[in-house]
Amino acid sequence: MSLKLNKIAKYDSNNFFLMAGPCAIEDRDLALRIAEKVNGICLRLEIPYIFKGSYRKANRTKANSFTGIGDEKALKILEEIGKTFGIPTVTDIHETKEAELAAAYVDVLQIPAFLCRQTELLEAAAKTGKSVNIKKGQFLSGASMGFAIEKIKSINPAVQGMLTDRGNSFGYSDLVVDYRNLVDMKEFGAPVVMDCTHSLQKPNQTSGVTGGNPKMISTIAKAAIAVGADGLFIETHPDPANAKSDGANMLHLDNLEQLLVDLVRIREAIN
């Protein structure tokens, strides 16, 4: 499924698109450094690229967990990245009032998985006219996500919707990826994305910090491309161990290029 999004580079490579960046905007220089490196890799490999960074983290386990550097400050960094590299940007929103705020700075509004059934939030995102990426709840099947697309289309039939899988709850502290969900979500006529990093979370840890299993990122990504994912979502950081949010799940930035090379080859082999 092709992605209709302003500013995204168009190639004849028939590659998947990539949504990638740090979990949260930690500071300007780091965000720009990550964007520059990932964009350079994607230009060489002819992969359409969307920079990802959360301007604020609302879903935290502990009250004192890092939530952000300030809404306007982080959003302006996202805007600067988009203008500097000529690429689209995506960030999460959590409440209806955030939709209009974030839409002034970014190209894609992302609905977090826990909020994918929040009708007013979906409608507020659609009203902005920006593209909307809806993450599938860990408690839902892919087949049920058609209703989420219906909600945004009922408000704005022209809005570009995307559906992203991030695994399903498996017991209390694990997630499992069922690739049938990607196939089922393709039936709704929206580009389908695999979140290769959050699907490897180990939530509900007694330490109050979510764990992860980043060594499996390449496995999740390769399988997603093999079954026909239109895009991949990968959080990446030059120093995951010291990242301020979700460091246990992120791919080390130095490992991204080889993974993308491998994924391009898989895409070529199945097309």
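Anything mentioned here points back to the structure above.
Rules used throughout
- Residues numbered from 1 in each chain as written.
- Predicted model: local features only at pLDDT ≥ 70, side-chain atom pairs only at ≥ 80, totals over all residues.
- Heavy atoms only, no water.
- Helix = DSSP H or I, 4+ residues; strand = E, 2+ residues; numbered from the N terminus.
- Rg over C-alpha atoms; globule rule 2.2 N^0.38 Å.
- Buried < 20%, exposed > 50% of the residue type's maximum accessible area, 1.4 Å probe, protein only.
- Areas by Shrake-Rupley, 256 points an atom, 1.4 Å probe, with all protein chains shown as cover.
- Arc of directions from axis to C-beta.
- Contact = heavy atoms within 4.5 Å.
- Polar contact = N/O pair within 3.5 Å; in protein donor to acceptor, adjacent residues only side chain to side chain.
- Phe/Tyr/Trp six-rings, centres within 6.5 Å; stacked < 30°, edge-to-face > 60°.
- Lys NZ or Arg CZ within 6 Å of the ring centre and 35° of its normal.
- Core = buried A, V, L, I, M, F, W, Y, C linked by side-chain atoms within 4.5 Å.
- Axes fitted to C-alpha atoms, helices over the stretch in contact; angles between N-to-C directions.
- Parallel < 35°, antiparallel > 145°, perpendicular 65-115°, else oblique.
- Left-handed = near helix turned anticlockwise from the far one by under 90°.
- Nonpolar A, V, L, I, M, F, W, Y, C, P; charged D, E, K, R; others polar.
- Pairing = 2+ DSSP bridges.
- Right-handed = clockwise from strand over helix to strand, strands pointing away.

### Section: the overall build of the chain
Broken down by element type, the chain carries eight helices and 13 strands. Relative to the compact-globule value of 18 Å for 271 residues, the chain shows a C-alpha radius of gyration of 17 Å, a close match. Across its three principal directions, the C-alpha atoms of the chain cover 45 × 45 × 40 Å. Expressed as a percentage of the 271 residues in the chain, the buried residues total 54%. Accessible surface computed for the chain: about 11,600 Å², of which carbon and sulfur atoms make up 49%.

### Some remarks on helix α7 (residues 217–226)
The set of residues buried in α7 consists of Ile217, Ile220, Ala221, Ala224 and Ile225. Relative to the axis of α7, the buried residues are bounded by an arc of 125° and lie together on one face. Where the residues of α7 are buried, they touch α6 (180–186), β9 (192–195), β12 (231–237), β13 (251–252) and α8 (256–270). Positive backbone phi, at 105°, marks Gly228, one or two positions downstream of α7.

### Comments concerning the side chain of Thr236
Along the chain, Thr236 turns up in strand β12. Within the local environment of Thr236, its side chain forms a polar contact with the backbone oxygen of Leu251, the two atoms lying 2.9 Å apart. Of the polar contacts made by the side chain of Thr236, one reaches the backbone nitrogen of Leu253; its length is 3.4 Å. Residue contacts for Thr236: discarding those within four places in its chain leaves Gly21, Pro22, Ile34, Val38, Met250, Leu251, His252 and Leu253.

### Quick word on the packing of aromatic side chains
Under the counting rule described, the total for this entry stands at zero aromatic pairs. When the ring centre of Phe233 is taken as origin, the NZ or CZ atom of Lys135, which lies over that ring, is 3.9 Å away.

### Here's the deal with the nonpolar core
Core analysis: the biggest nonpolar cluster contains 68 residues, and Leu18, Val38, Phe51, Ile134 and Leu232 have the highest contact counts within it. In terms of residues, this core owes the most to one element, helix α1 (residues 28–45), which gives eight residues. With near-sequence residues (within four places) excluded, Leu18 lies in contact with Val38, Cys42, Ile47, Pro48, Tyr49, Ile50, Leu232, Ile234 and Leu260. In terms of nonpolar packing, the next biggest core, distinct from the first, is built from 11 residues, Leu5, Ile8, Val90 and Phe233 among them.

### Some thoughts on the packing of α1 against α8
Two packed helices can be described by the angle between their axes and the distance between those axes. Where α1 contacts α8, the axes come no closer than 10 Å and their chain directions differ by 25°. The angle between α1 and α8 falls in the class roughly parallel. Crossing of α1 against α8: the hand is right-handed. In this structure, α1 contributes Val38, Ile41, Arg44 and Leu45 to the contact, and α8 contributes Leu256, Glu257, Leu260 and Val261. Taken together, the residues of the contact of α1 with α8 sort by class into six nonpolar, no polar and two charged.

### Overview of the pairing of strand β3 (residues 89–92)
Residues in a regular strand project their side chains so that they alternate between the two faces of the sheet. A two-sided burial pattern is seen for β3, the buried positions comprising Thr89 and Thr91 on one face and Val90 and Asp92 on the other. Here strand β2 (residues 49–52) pairs with β3 via two bridges, running parallel. When the sheet's bridge partners are listed, Lys52 is paired in β3 with Val90. In terms of strand pairing, β3 meets strand β4 (residues 108–111) through three bridges, oriented parallel. Its bridge partner lying in β4, Thr91 is registered against Leu109. Once the chain exits β3 it traverses helix α3 (residues 96–103) before rejoining the sheet at β4, and the crossover so formed is right-handed.

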